[in-house]
Amino acid sequence: MRALAGAILILTAEQAFAHAFLVGFPHQSFVQSILLPVSGTAAVLGMGFLVMGFFTDRKPS
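Residues numbered from 1 in each chain as written. Predicted model: local features only at pLDDT ≥ 70, side-chain atom pairs only at ≥ 80, totals over all residues. Heavy atoms only, no water.

**Side note on the overall build of the chain**
In terms of helices and strands, the chain carries two helices and zero strands. In terms of overall dimensions, the chain is more spread out than a globule: its C-alpha atoms have a radius of gyration of 15 Å, far above the 10 Å expected for 61 residues. Along the first, second and third principal axes, the C-alpha set of the chain runs to 55 × 15 × 10 Å. Counting the 61 residues in the chain, one finds 20% classified as buried. (Helix = DSSP H or I, 4+ residues; strand = E, 2+ residues; numbered from the N terminus. Rg over C-alpha atoms; globule rule 2.2 N^0.38 Å. Buried < 20%, exposed > 50% of the residue type's maximum accessible area, 1.4 Å probe, protein only.)

Structural data, given as structure tokens:
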């Protein structure tokens, strides 16, 4: 379940990064100041959850 949450957070980070550069002129600097840090934070959390999920979400053998 943690691996799935990590993958979703990584996809969210990618979408936030893409949308940061799609916003038009009047609000561009405001949106980039919000979405770029959110994108970085979501990517770091997503990678952490993904790695932790690979180690803890295995079936016991």
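Continuing now.
**Digging into the side chain of Ser39**
Of note, Ser39 is situated in helix α2 (residues 28-56). From its side chain, Ser39 meets the backbone oxygen of Ala13 in a polar contact 2.9 Å long. With residues up to four places along the chain from it excluded, the contact list for Ser39 reads Ala13, Ala16 and Phe17. (Polar contact = N/O pair within 3.5 Å; in protein donor to acceptor, adjacent residues only side chain to side chain. Contact = heavy atoms within 4.5 Å.)

**Looking at helix α1 (residues 2-20)**
Relative to the 27 Å expected for 19 residues at 1.5 Å per residue, α1 spans 27 Å between its end C-alpha atoms, a close match to the ideal helical length. Looking only at α1, the buried set comprises Ala3, Gly6, Ala13, Ala16 and Ala20. Relative to the axis of α1, the buried residues are bounded by an arc of 140° and lie together on one face. Buried residues along α1 sit against α2. (Expected span 1.5 Å × (residues − 1). Arc of directions from axis to C-beta.)

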